[in-house]
Amino acid sequence: SYCFFFFNDTATTEIYTEQIVGSVRCVQETVSTQSTWGLNLETMGKFLKPGRIVVVLNGRFAGRKGIIVRNYDEGTKERKFGHCLVVGINRYPRKVTKRMNQKKIDKRTRVKPFIRYINYNHLMPTRYQVTGDLDFKNIVPEDKLGKPEERQELRKKLSNYLKDRYRNLPAAKGPNDKSTHARFFFKKLRF
């Protein structure tokens, strides 16, 4: 069975297969594998993978960018829908100029992170993906997300890690350089 096309209020067409989003209700009909737009629905790959930069659409962190750390396509015992663990930036670093002293630079380059399990329906993937330079798998263990004290300690650790990564961003060498992906993550989304 396949999920068909549906239109949301922005009149954009989204295509999902049962493998990609487990929480989408699928129409139980047999269809040919060739859609009207020439897409082969059987071979559609998964695009919400660890390292993908996403924009949160709903909730407290709506409009904030995040990076997928782990994904759960089939859901878990607690959350019976497709979701993923997202690490993102709640408060972005501000602009720094040459005239500022070191104390002011330290204050303006602070980053406030968030760690959340978010439903796939509330995420919008971007074309950007980070691989080696922003790896959170070792920093964000699953067992630390239960207790509030451990979660707060984890956020402090993440804040320092992101602050160091932001300060040591390499200069972009060209339009196809992968370091621009990390730069995109640290820049506030203007909307």
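Everything numeric here is computed off the predicted structure, so don't read it as measured data.

1. So, the overall build of the protein chain
- When you go through the protein chain residue by residue, the secondary structure sums to three helices and seven strands.
- Counting helices and strands in the order they occur from the N terminus, the protein chain gives β-β-β-β-β-α-β-β-α-α.
- Looking at the protein chain as a whole, 38% of its 191 residues qualify as buried.

2. Some thoughts on the sheet that holds strand β4 (residues 65–72)
- Strand order in this open sheet of five strands is β6-β5-β4-β3-β7, and the pairing throughout is antiparallel. Sheet topology places β6 (112–119) and β7 (123–129) at the edges, where each strand pairs with a single neighbour. Ignoring which end each strand starts from, the neighbouring axes of this sheet average 35° apart.
- Two elements, strand β5 (residues 83–91) and β6, share eight bridges in a ladder whose sense is antiparallel. By the bridge assignment, valine 86 is partnered in β6 with arginine 116.
- The sheet strands contacting helix α2 (residues 148–167) are β5 and β6, and the helix crosses β6 at an angle near 115°.

3. Comments concerning the nonpolar core
- Core analysis: the biggest nonpolar cluster contains 24 residues, and Ile115, Leu134, Phe136, Val140, Leu162 and Phe185 have the highest contact counts within it.
- Among the elements of the structure, β4, β5, α2 and α3 (179–186) are those that each provide at least two residues to this core.
- Sorting elements by how many residues they give to this core places α2 first, with four residues.
- If we ignore the near neighbours within four places in the chain, the residues touching leucine 162 are Ile89, Val111, Pro113, Leu134, Phe136, Phe185 and Phe186.
- Within the second largest apolar cluster, eleven residues are counted, among which are Ile68, Val86, Tyr120 and Leu123.

4. Observations concerning the packing of aromatic side chains
- Scanning the entire structure with this criterion turns up five aromatic pairs.
- Ring geometry for tyrosine 72 and tyrosine 117: centres 6.3 Å apart, planes at 55°, overall tilted. Of this pair, tyrosine 72 sits in strand β4 while tyrosine 117 sits in strand β6, placing them 45 residues apart in sequence.
- Each ring, one from tyrosine 128 and one from phenylalanine 184, has its centre 4.1 Å from the other, and the planes form 25°; the classification is stacked. Linking tyrosine 128 in strand β7 with phenylalanine 184 in helix α3, this pair joins segments that are 56 residues apart in sequence.
- A relative accessible area of 17% means that tyrosine 128 is categorised as buried.

5. Observations concerning the layout of surface pockets
- As a volume, the second largest pocket reaches approximately 200 Å³.
- Lining of the second largest pocket is provided by Arg64, Asn90, Arg91, Tyr92, Pro93, Arg94, Lys95, Lys187, Lys188 and Arg190.
- Residues that form the lining of the second largest pocket fall into these classes: two nonpolar, one polar and seven charged.

6. So, the pairing of β5
- In terms of residue burial, β5 counts as a mostly covered element, since eight of its nine residues are buried.
- Across six bridges, the pairing between β4 and β5 is antiparallel. Bridge pairing in β5 links isoleucine 68 to valine 86.

7. A few points about the side chain of histidine 181
- Considering the arrangement of structural elements, one finds histidine 181 in helix α3.
- Within the local environment of histidine 181, its side chain forms a polar contact with the backbone nitrogen of glutamine 129, the two atoms lying 3.0 Å apart.

8. Overview of the side chain of arginine 108
- Examined against the element boundaries, arginine 108 turns out to sit in helix α1 (residues 102–108).
- Of the side chains with opposite charge, aspartate 106 lies nearest to the buried arginine 108, which makes no salt bridge, at 11 Å.
- Of the polar contacts made by the side chain of arginine 108, one reaches the backbone oxygen of lysine 95; its length is 2.8 Å.
- Contact partners of arginine 108, with chain neighbours within four places excluded, come to Pro93, Arg94, Lys95, Val96 and Met100.

About the cut-offs
- Numbers given for residues are sequential positions, taken from 1 along each chain in its written order.
- Note on the predicted model: pLDDT of at least 70 is required for a residue's local features to be given, and 80 or more for side-chain atom pairs to be given and counted; whole-chain, interface and lining totals, by contrast, use all residues.
- Heavy atoms from the whole structure form the basis of all side-chain values; hydrogens and water molecules are not counted.
- In this text, helices come from DSSP runs of H or I with a minimum length of four residues, and strands from runs of E with a minimum of two, each type numbered from the N-terminal end.
- Buried residues are those whose accessible area, probed at 1.4 Å on protein chains only, stays under 20% of the maximum for their type, while exposed residues exceed 50% and partly exposed ones sit between those limits.
- A strand pair is defined by DSSP finding two or more bridges across the two strands.
- Axis lines are fitted through C-alpha atoms, for helices just across the contact stretch, and the angle between N-to-C directions can take any value from 0 to 180 degrees.
- By definition in these notes, contact holds between two residues if any of their heavy atoms fall within 4.5 Å.
- Each nonpolar core is a collection of buried residues, namely Ala, Val, Leu, Ile, Met, Phe, Trp, Tyr and Cys, held together in the definition by side-chain atoms within 4.5 Å.
- Geometry of aromatic contacts follows a simple scheme: Phe, Tyr and Trp rings, the Trp one being its six-membered ring, pair when their centres are within 6.5 Å, and the pair is stacked under 30 degrees between planes, edge-to-face over 60, tilted otherwise.
- The way it works is a 1 Å grid over only the protein atoms, where trapped points that fit a 1.4 Å probe form a cavity and open points with protein on both sides within 12 Å along at least five of seven lines form a pocket, and then any residue with an atom within 4 Å of a point lines it.
- Grid points are joined across faces, edges and corners, and a volume is the space filled by probe spheres set on the points.
- Side-chain classes are defined by residue name, with Ala, Val, Leu, Ile, Met, Phe, Trp, Tyr, Cys and Pro counting as nonpolar, Asp, Glu, Lys and Arg as charged, and the others, Gly among them, as polar.
- Polar contacts, as used here, are pairs of N or O atoms within 3.5 Å; protein pairs need one atom able to donate a hydrogen and one able to accept it. Residues neighboring in sequence count only if both atoms are side-chain atoms.
- Under the counting rule used here, the positive set is Lys and Arg, the negative set is Asp and Glu, and His together with the chain ends is not counted.
- Between Lys or Arg on one side and Asp or Glu on the other, a salt bridge is scored when a side-chain nitrogen of the former is within 4 Å of a carboxyl oxygen of the latter.

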